[in-house]
Amino acid sequence: MDIESIEQKRKSKVISLVTLFGVPVMILFLVIDYLEKEPNEAMADLAIMLILAIGSYCLRKHTFEKYIYRVALLFLVIVFCYLAAIGSGAGTVLYWILILPLMFFFLLGKREGLVFSGLLFCFLTFSMLPMFADPEYPYPWSVRFRFLIAYFFFSVIGYGIEISREHFKNLLIAENSALSEEKALLEKTKIDLQNLEKRRQALFEYASDGIFIIDIKTYKILDCNVQAYESLGYTKEELLGLTVFDIQHDITTDWLAFIDNQLEPGKHLTHEVNHKKKDGSYVPVEITATLQNLSGLKIVQALVRDISKRRKAEDEQKKAYNVMENKIAERTTELQKAKEDAEKANILKSEFLANISHELRTPLHAILSYSNYGVSKFETVNDEKKLHYFDQIHTSGNRLMELIENLLDLTDFDTGKEDLRPEPVDIRKLLDVIETELQSTLSENKISLFIESPSFETVLICDKSRISQVFHHLITNAIKVSNQGDQVAITFSQGELTTNRSLTEIKSSEALMISISDNGIGISENELLTIFDRFAQSSRTKTGAGGKGLGLSICREIIEAHYGKIWAENNPQGGAIFRFMLPYKWSVAKPK
């Protein structure tokens, strides 16, 4: 119940008491005044009795009835002022008038009490003026003045009492409001604590990690949640009967003593151990231990998390990291090699361009020079000299044509436009034809050519013209690097050739190996693998032995187009050996 209700109830009780004692007294006064034939006094008694009765009813009701009571009070004020003015019932009227301010402030409050008290003071002042007073008015002016002063004093007292009452009322309201808020806060706090405890209990029981409560002195498990005992294969009753040593074989008393003596309450310590399950198996876990003081009992709350997946992920991550490091190292090596190869290729290309420009200019200059001689000296030189001019022009033209054909051959292999025409070819007989074609070159350089006659089959399915081209290149190169009186030897052997037809198909087949050896200047060891690269020339032939860095590259393209293999070796007796293998069965694809 609020302060306003309490105040209204208090006022109602006071009005009831006043009514209970006032009405009978007024009835008694009314009878006495009637018997003493004092009609004015009797009228005042009747008015007071009616006001008390009306007020007792109206002040318990709503706003409308209270306004009725205020009108009745105003009527009573007018009656008292009239009786005081005419001097009738002097004692009773004056006494009642003096207590009216107290009643006004008590019943109506500070503001309305002040209004009614002020109205009554004005009425009394005007009613006591000579023009309104009865000529036989019984009170002298001094008495009337003291009466007004007394009335004013009672009004001030009533106003002061009402101010004090409202002040204490406001204090009580404020205190009551504060108490209500505090009570509501306490109630809310109580509910929050209850909900918090429920949530804590739910979090404890159904947390995704296992939780153990351990007595630090006896090492016994005092409590645990669902995840704790289910992860180890126990029931809760079975687990509560064990100590920490039963489930954690690698824990020591020193570690528990460290927690007891060194770890501050509220702080935590994390470590990884293995928990022993009921079936005897072990599971890796991470334990976060917190020391707490529970009503004088030191306990350890251990939060246990299964880290099997994390350990597995870490191992896989380490493996992936190692694999990645190896791949990075391999890739770095490959990139370094590619960089070195690119730099080397760039150097070779520059050298090739220099050589090829020289090779192109030399026959062109010869053609232009001898044709110019022929034109300018046509009339003055003999036929033998003219024949010499034409012969030089023809030789230079052939040299230029050979160079251009080599370049075109490489272009055809690169673009895949080269179509091989397979047919049965006896390699031994083909070499006899080539020997005849090169006889003039051999005789001119005083080089002998030895061709072995093997006892096994030398017939292959291949492109006759392309294989002839390979022999021409290799034999011509051997002649160029040989000295007069040397011999170029061609021998045969059989072997097995493994070919990669695709990324998924690997095939082995019987093959014929042909070796062409010379006794020339040989090849540097570090150039044996690069001698077949385009634009590459042996460092021992760049200055005088000729060559444009294209012949061996074309040979490799032709051999690999037949799914064969070609390589170079140094001859132990001096010079170099070029070997290549070709499969007996026809299996050819366009070079990629």
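Note that the structure is predicted; figures quoted are calculated from it, not measured. (Residues numbered from 1 in each chain as written. Predicted model: local features only at pLDDT ≥ 70, side-chain atom pairs only at ≥ 80, totals over all residues. Heavy atoms only, no water.)

(A) Seen up close, the pairing of strand β1 (residues 210-215). Counting buried positions over the 6 residues of β1 gives 6, a clear majority of the element. Neither face of β1 is left uncovered, since the one carrying G210, F212 and I214 and the one carrying I211, I213 and D215 both have all their residues buried. Sheet topology places β1 next to strand β5 (residues 297-306); 6 bridges connect them, and they run antiparallel. Within the sheet, the bridge partner assigned to I213 lies in β5 and is Q301. Taken together, the 3 bridges between β1 and strand β2 (residues 221-224) define a ladder with antiparallel strand orientation. Looking at β2, one finds that I213 is bridged to D223. (Buried < 20%, exposed > 50% of the residue type's maximum accessible area, 1.4 Å probe, protein only. Helix = DSSP H or I, 4+ residues; strand = E, 2+ residues; numbered from the N terminus. Pairing = 2+ DSSP bridges.)

(B) Spatial organisation of the packing of aromatic side chains. Taken as a whole, this structure holds 3 aromatic pairs when the rule is applied. Seen in terms of ring centroids, Y219 and F245 are 5.2 Å apart; in terms of plane orientation they differ by 80°. Their pairing is edge-to-face. Placement of the pair is Y219 in the loop between β1 and β2 and F245 in helix α9 (residues 244-247), with a sequence separation of 26 residues. The lysine or arginine in question, K565, covers the ring of W567, its NZ or CZ lying 5.3 Å from the ring centre. (Phe/Tyr/Trp six-rings, centres within 6.5 Å; stacked < 30°, edge-to-face > 60°. Lys NZ or Arg CZ within 6 Å of the ring centre and 35° of its normal.)

(C) Structural context of helix α15 (residues 464-481). Under the 1.5 Å per step criterion, the end-to-end length of α15 is 26 Å for 18 residues, consistent within 8% with the ideal 26 Å. Those residues of α15 not exposed but buried are R466, I467, S468, Q469, V470, F471, H473, L474, I475, A478, I479 and V481. (Expected span 1.5 Å × (residues − 1).)

(D) Just the pattern of salt bridges, in detail. Under the criterion given, the structure shown has 12 salt bridges. Its salt-bridge partner being R311, residue E272 comes within 3.1 Å of it at the nearest N-O pair. In this pair, E272 is assigned in strand β3 (residues 268-276) and R311 in helix α11 (residues 308-376), connecting sequence segments 39 residues apart. Judged by relative accessible area, which is 41%, E272 ranks as partly exposed. Exposure remark for R311: the relative accessible area of 29% places this residue in the partly exposed category. Two residues, R310 and E286, come together in a salt bridge whose shortest N-O distance is 3.3 Å. Pair noted here: R310 is in helix α11 and E286 is in strand β4 (residues 282-294), with a separation of 24 residues, a long-range link. Residue E286 is classed as buried on the basis of its relative accessible area of 18%. Among the charged side chains, a network of salt bridges with common partners joins E272, E286, R310, R311 and E314. (Salt bridge = Lys/Arg side-chain N within 4 Å of Asp/Glu carboxyl O.)

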